[in-house]
Amino acid sequence: MDIIKKASAGTLESSDVYVEIEPGTQGIQLELESVVEQQFGDSIRALVQEVLAEYGVENARLHIADRGALDCVIRARVETAVARGKGE
Amino acid sequence: MNNKVVSSLREAIELTGLKSGMTVSFHHHLRNGDYVLNMVMAEIARMGIRDLTVNASSLFDIHAPLLQHIENHVVTKIQTDYMSGVLGKAISRGIMETPVEFRTHGGRPSDIELGRTPIDVAFIAAPAADGMGNCSGKYGKSACGSLGYAYPDAMNAKKVVVITDNLVPYPLLDWSIPETYVDYVVTVDAIGDPNGIVSGTTKITRDPVGLVMADRAAQVIRHSGLLKDGFSFQTGAGGASLAAAKFLKDIMLKENIHGSFGSGGITGYMVDMLNEGCFQSLMDVQCFDLKAVESIRTNPRHQEISASHYASPSARSAVVDSLDVVILGATEVDTDFNVNVHTDSNGYIMGGSGGHSDTAAGARLSMIIAPLFRARLPIVTDRVNCISTPGRDIDVLVTQAGIAVNPKDAELRQRLVDAGLPIVDIHELKELAERTTGAPTHIAKGDRVVANVIYRDGTLLDTIRNVPAK
């Protein structure tokens, strides 16, 4: 089941990440801004794709503002945003 | 001569004979509330003088108008001990042709006195002054306390201009810088914004990780063998450092230990330690908060010292040479204990040594307090992006996950192990952090040198390269 409504999770506090998700039609469109883009940008993008695949999300637009969150935090925020976006 | 008061800043600058290509200097006790550097540089720009070197003991975000003067070639070279983020970012982008010269709070006065960095005109921001130029930082609406960093400028510049918003009848008693060095006095409406000059109060951290580190730091000092009568101590104004000072105070009071002195930039916490008997005196080169300003004004045991007296490596001796313990911060520490306080994790300039490497060189125990990682970036790296203080001068790194002791300090390490403190190898701290954060990709560096980091003895310690545009 795909994303049916706009949803978000997380905060803009240091060491957290703010995830916004909304319905899309052209696969996964991911916009990431991160304070650790240089050091971890690619690994964050890969992790987000991985979580979306796990939850069967094939079409969605995401805007992610990362303030240096650990992988476990990013995973939790994306999972929550997906659940909210699916109307769960 | 009736007095040295001239009618305007412009007239004072004209009288000094300032010309293109010369060097002007400023001190930073008004910190991020300073109006003086900007008003002087604006007047100089209006007068058509160009190609100046600015030698400032520190530069803050309020000094952002310097960027315009750099663009217009009014300023073509900067010498400083510290530069905060707004200027640092622009410098890191490569806006200056000539690299910035970073010195330390001890190296700067040393190089001024040795004639390596001669000053043509020094501008002294004075919260109180009389008409002959006797001046002090202790009185007036813009009071900042100590004027320590301004002494070498006043004593060695070819011309000295005192700028004040509080002209008092001659003679100003309890002066810091005497009239003997001063050529001209200028009065202005305000030399600074009191809210930016000193903090109302500096506060200890409430972050649990910070408190764990602070407690460990105090325990390291307790078991170092140095905490006994005559003990001397310096700490920064960061939240965890202040918490460590508070824990240390509790230990000193409980065990009835009477220290000798506290030094450096002084906060209300150090004033409390003085007043409660932890120290005989405070040696103050700069006040960080209102309580420190009040104390230096009223307590004769709270002594103002010059930058040279504080930390100069070429003075016959300096306060840092008598220091037992210093607590310092870091943006990065590498596995050889080298410390970076100049650049952020993306390579942008956002700080500087200040007294970091001076106190580290002088103190018997130099301790870094830093969390294992900040916003996903491990503190311990294979090699810091910039060496601000060489690892040979650092003894201990305190993190929430363990304490690393420099291998050169075998005896200290044994003392701390015997005391039951969690001692780990510094490489373990790096691995521990990376297990949680992942291993960061190295940042891209440009090929142009934008700043040279000059060690306190005048040798080149490291270079900072530009950050390439994305």
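One can find the structure itself at the top, above this paragraph.
Residues numbered from 1 in each chain as written. Chains lettered and ligands numbered in written order. Predicted model: local features only at pLDDT ≥ 70, side-chain atom pairs only at ≥ 80, totals over all residues. Heavy atoms only, no water.

Asker: Looking at this structure, I do not really get the overall build of chain A. What am I missing?
Answerer: Across its full length, chain A holds 2 helices and 4 strands. Starting at the N terminus, the α and β elements of chain A follow one another as β-β-β-α-β-α. Against the compact-globule benchmark of 12 Å for 88 residues, chain A has a radius of gyration of 12 Å, which places it among compact chains. Summarising its shape, the C-alpha atoms of chain A cover approximately 35 × 20 × 20 Å along the three principal directions. Each of the 88 residues in chain A was classed as buried or not, and the buried ones make up 39%. Counting only contacts in chain A whose residues sit at least 6 apart along the sequence, the fraction spanning at least 24 positions is 76%. Counting only carbon and sulfur atoms, one obtains 47% of the accessible surface of chain A, whose full area is about 4300 Å². (Helix = DSSP H or I, 4+ residues; strand = E, 2+ residues; numbered from the N terminus. Rg over C-alpha atoms; globule rule 2.2 N^0.38 Å. Buried < 20%, exposed > 50% of the residue type's maximum accessible area, 1.4 Å probe, protein only. Contact = heavy atoms within 4.5 Å. Areas by Shrake-Rupley, 256 points an atom, 1.4 Å probe, with all protein chains shown as cover.)

Asker: Before we go on, may I ask you to explain the overall build of chain B in this structure?
Answerer: The helix and strand tally for chain B stands at 15 helices and 25 strands. Structurally, chain B occupies a C-alpha span of about 70 × 55 × 40 Å along its principal axes. Within chain B, the fraction of its 470 residues that count as buried is 61%. Taking the contacts inside chain B whose residues are at least 6 apart along the sequence as the reference set, 72% of them involve residues at least 24 apart. Total accessible area computed for chain B in this model is approximately 17400 Å², and 49% of it derives from carbon and sulfur atoms. Distance between charge centres in chain B, computed from 43 positive and 52 negative side chains, equals 2 Å. (Lys, Arg positive; Asp, Glu negative; His and termini not counted. Charge placed at Lys NZ, Arg CZ, Asp CG, Glu CD.)

Asker: Explanation requested: the packing of aromatic side chains in the structure shown.
Answerer: Taken as a whole, this structure holds 3 aromatic pairs over all chains when the rule is applied. Taken together, a centroid distance of 5.6 Å and an interplanar angle of 15° make the contact between Phe 26 of chain B and Phe 123 of chain B stacked. Of the two residues, Phe 26 of chain B is situated in strand 1 (residues 23–26) and Phe 123 of chain B in strand 5 (residues 121–126); the sequence distance between them amounts to 97 residues. Neither residue differs from the other here; Phe 26 of chain B and Phe 123 of chain B are each classed as buried. Their ring planes at 40° and their centres at 5.7 Å tell us that Phe 60 of chain B and Tyr 82 of chain B sit as a pair that is tilted. Separated by 22 residues along the polypeptide, Phe 60 of chain B in the loop between strand 2 (52–56) and helix 3 (66–71) and Tyr 82 of chain B in the loop between strand 3 (75–80) and helix 4 (85–92) bring together distant segments of the chain. For Phe 60 of chain B, a relative accessible area of 15% translates into the label buried. A residue is classified by how much of its surface remains accessible, and Tyr 82 of chain B, at 27% relative accessible area, is partly exposed. If you follow Arg 376 of chain B out to its NZ or CZ, it ends over the ring of Phe 40 of chain A, 4.1 Å from the centre. (Phe/Tyr/Trp six-rings, centres within 6.5 Å; stacked < 30°, edge-to-face > 60°. Lys NZ or Arg CZ within 6 Å of the ring centre and 35° of its normal.)

Asker: What is the right way to read the environment of Arg 216 of chain B from this model?
Answerer: Residue and element names in this part refer to chain B. With respect to the helices, strands and loops of the structure, Arg 216 is situated in helix 8 (residues 208–222). Considered as a pair, Arg 216 and Gly 21 are 195 residues apart in the sequence and their alpha carbons are 51 Å apart. Here Arg 216 is in contact with Val 398, Thr 399, Gln 400, Ala 401, Gly 402, Ile 403 and Pro 422, once residues within four sequence places are set aside. Of note is the side chain of Arg 216, whose polar atom sits 3.0 Å from the backbone oxygen of Gln 400. (Polar contact = N/O pair within 3.5 Å; in protein donor to acceptor, adjacent residues only side chain to side chain.)

Asker: It is not clear to me how unusual backbone geometry should be interpreted in this structure. Could you clarify?
Answerer: Phi is mostly negative for residues that are not glycine, and the peptide bonds are mostly trans. Residue Tyr 170 of chain B is joined to Pro 171 of chain B through a cis peptide bond whose omega torsion reads -5°. Turning to its location among the elements, Pro 171 of chain B is positioned in the loop between strand 9 (167–168) and strand 10 (184–187). For Ser 15 of chain A, which is not glycine, the phi dihedral falls at a positive 75°. Position of Ser 15 of chain A among the secondary structure elements: in the loop between strand 1 (7–10) and strand 2 (17–23). Overall, the relative accessible area of 35% leaves Ser 15 of chain A in the partly exposed class.

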